[in-house]
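Chain and residue survey
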Amino acid sequence: PTATQASLLAQVKRLQEAGKEGMTVLLVGKGGMGRSALCNSLLGERVVHASPFGRAAGGINDGPRSYSRSAGGFSLTVVDTPGVVEGDAVDEGAMASLSEFVGDLDGGVDVVVYVDRLDTYRCDARDRECCQAITRAFGKGVWQRTVVALTRGQYTVPLEDVSYAEFLERRSESLKACIRAAGAPKGAALPCVPCENGSRCATNEGGEKVTPNGDVWLSTLVEALASASIAAGASMKHDAERMARSCDRRGRLWMLPLLALQAVVVLPLARQACMWDNRREARERTPRRAVTTLPQAVSEAQAVGDDTDSIDLLGDGISYSADDAQDDLGSAAYEDNDEDEDDEDDEDDDFEA
């Protein structure tokens, strides 16, 4: 529509006045969020075959691809990428190819568009893993130049007491919190724009595609991209090898402290636990019996590896020191002699009777 074209040309002029002769937009996000369809919308033509089945549909978009269009001395480049998360885990192969592809771009990246869906109620583990993978690959500063595009913008909120504007705000804040938890700086604006790439999107009187809140979503998105590009300043130059070395270095820094902790704390505890297990197994294999002399008690304790300073003399599970054991043994012997004498007296009385 004429009104949309006029709005886009106004943003191009704004970028040129800021000293920018072009803008490179990088689309990232989980699989199946609508990045390819958004790429077509930004370029105004179908340059990517968008499939609802994603990469599984015959290997479509197996790697990052860039598409450029120029007009009036200004060039727009959009980089479509495979999903960072496919299934329930980060696609490390896709992240490696994305990092290498961005590192090979001559002009770098001006704006990053994190693509997600509006018709989702909450962020889950897949969202957190996706944001963390992007931070690891490009650094925390990447979020300073990021715009969040929420596809399925024509979504009808099923809750009667929640308006479209309120639902959009809640969804945006939830996603922003997830991105900040993944390392985004506090100063990152992270503007969120609802988008509707479907052909049945509602239009206004001028034929422009609008979301339920009445905004012309394409003009709003391009304006947010231009603002982010101007605010970020120079393009992001990505050194994939340097980032990989930096990640490896950060991992190696923990190796020495962890090894020291293992040698000082973990190994002694493990050795002591094994010793206790061996003693317990030895006790279970060796039948215990009551002994009548201290030397026998000491011999039995040494046989099973017990401490001879603490002896189970009578086999009743109570440990005694060597001195206490000798005293108790004498007491037990004295009691036995008393019992024998009592028995003899009883026998004499019986005989006399």
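A brief structural summary. (Residues numbered from 1 in each chain as written. Predicted model: local features only at pLDDT ≥ 70, side-chain atom pairs only at ≥ 80, totals over all residues. Heavy atoms only, no water.)

Here the focus is the side chain of D110. Of note, D110 is situated in the loop between α3 (92-104) and β6 (111-117). A polar side-chain atom of D110 sits 2.8 Å from the main-chain amide nitrogen of T24. In this structure the side chain of D110 is engaged in a polar contact, spanning 2.6 Å, whose partner is the side chain of S235. (Helix = DSSP H or I, 4+ residues; strand = E, 2+ residues; numbered from the N terminus. Polar contact = N/O pair within 3.5 Å; in protein donor to acceptor, adjacent residues only side chain to side chain.)

As a further point, take the packing of α3 against helix α4 (residues 125-138). Close contact between α3 and α4 brings their axes to 11 Å; oriented N to C, the two are set at 40°. Taken together, the axis directions place α3 and α4 in an arrangement best described as oblique. Handedness of the α3/α4 crossing: right-handed. Counted together, E92, M95, L98, S99 and V102 of α3 and A133, I134, R136, A137 and F138 of α4 form the full contact between these two elements. A class-by-class count of the residues in the contact of α3 with α4 yields 7 nonpolar, 1 polar and 2 charged. (Axes fitted to C-alpha atoms, helices over the stretch in contact; angles between N-to-C directions. Parallel < 35°, antiparallel > 145°, perpendicular 65-115°, else oblique. Left-handed = near helix turned anticlockwise from the far one by under 90°. Contact = heavy atoms within 4.5 Å. Nonpolar A, V, L, I, M, F, W, Y, C, P; charged D, E, K, R; others polar.)

A few words on the pairing of strand β3 (residues 74-80). Among the 7 residues in β3, 5 count as buried, and that is most of the element. Note: strand β1 (residues 22-29) against β3, 5 bridges, orientation parallel. From the neighbouring strand, T24 faces β3, where its bridge partner is T77. In this structure, strand β2 (residues 65-71) lies alongside β3, joined through 7 bridges in antiparallel fashion. Looking at the pairing, Y67 lines up with V78 of β3. Following β2, the chain reverses through 2 residues before pairing antiparallel with β3; G72 in that reversal takes a positive phi of roughly 60°. (Buried < 20%, exposed > 50% of the residue type's maximum accessible area, 1.4 Å probe, protein only. Pairing = 2+ DSSP bridges.)

Let us look at α4. Over its 14 residues, α4 runs 20 Å from end to end, which matches the ideal 20 Å to within 8%, given 1.5 Å per residue. When we look at burial in α4, the residues that qualify are D127, C130, C131, A133, I134, T135, A137 and F138. Among the residues of α4, the N-terminal cap falls to D124, whose side-chain oxygen and the backbone nitrogen of R126 are separated by 3.1 Å. Trailing α4 by a residue or two, G139 shows a phi angle of about 90°, which is positive. (Expected span 1.5 Å × (residues − 1).)

What follows deals with the layout of surface pockets. Gaps between atoms show up when a probe of the same size as a water molecule is rolled over them. For the second largest pocket, the calculated volume is near 530 Å³. Together, 20 residues line the second largest pocket, and L8, V12, L42, L43 and L76 are the ones closest to its centre. If you list the elements that add at least two residues to the lining of the second largest pocket, you get α1 (2-17), β1, α2 (35-43), β2, β3 and α6 (217-232). A per-element tally of the lining of the second largest pocket places α1 first, with 6 residues. (1 Å grid on protein atoms, 1.4 Å probe; cavity = no way out; pocket = protein on both sides within 12 Å on 5 of 7 lines; lining within 4 Å. Points joined across faces, edges and corners; volume = space filled by probe spheres on them.)

We now examine the side chain of S229. Note on placement: S229 falls in helix α6. By relative accessible area, which is 1% here, S229 ends up buried.

Within the open sheet, the 6 strands sit side by side as β2-β3-β1-β6-β7-β8. Their pairing is mixed. The sheet is open, and its two borders are formed by β2 and β8 (192-194), each paired with just one other strand. This sheet shows a mean twist of 25° between the axes of neighbouring strands, independent of strand direction. Those strands touched by α4 are β1 and β6, and its axis lies near 170° from that of β6.

Here we come to the nonpolar core. Counting 40 residues, the largest nonpolar core has L26, V84, Y114, I134, F138, W143 and I179 as its most contacted members. Counting 30 residues, the second largest nonpolar core, distinct from the first, contains L38, V113, L218 and L221. (Core = buried A, V, L, I, M, F, W, Y, C linked by side-chain atoms within 4.5 Å.)

Another aspect to go through is the environment of V90. Along the polypeptide, V90 turns up in strand β5 (residues 89-90). It is 6.6 Å that separates the C-alpha atoms of V90 and C130, two residues lying 40 residues apart in sequence. Excluding residues within four positions of it along the chain, V90 makes contact with V84, V85, M95, E129 and A133.

Summed over the entire model, instances satisfying the criterion amount to 0 disulfides. Cysteine C195 is unpaired, with the sulfur of C201 as its nearest cysteine sulfur at 9.8 Å. On the basis of relative accessible area, C195 is assigned to the buried category, the value being 0%. (Disulfide = S-S within 2.5 Å.)

So, about the pattern of salt bridges. For the structure on display, the rule yields 10 salt bridges. Between E45 and R69 there is a salt bridge; the shortest N-O distance is 2.6 Å. Here the residue E45 occupies a position in the loop between α2 and β2, and R69 occupies one in strand β2, the gap between them amounting to 24 residues. (Salt bridge = Lys/Arg side-chain N within 4 Å of Asp/Glu carboxyl O.)

Take a nonpolar patch on the surface next. On the surface, L258, L261, V264, V265, V266 and L269 cluster together into a nonpolar patch covering about 550 Å² of accessible area. For L269, the location among the structural elements is in helix α8 (residues 255-285). Using a relative accessible area of 52% as the deciding quantity, one classes L269 as exposed. (Patch = residues over 30% accessible without salt bridge, like charges linked within 9 Å, V, L, I, M, F, W, Y side chains within 5 Å. Areas by Shrake-Rupley, 256 points an atom, 1.4 Å probe, with all protein chains shown as cover.)

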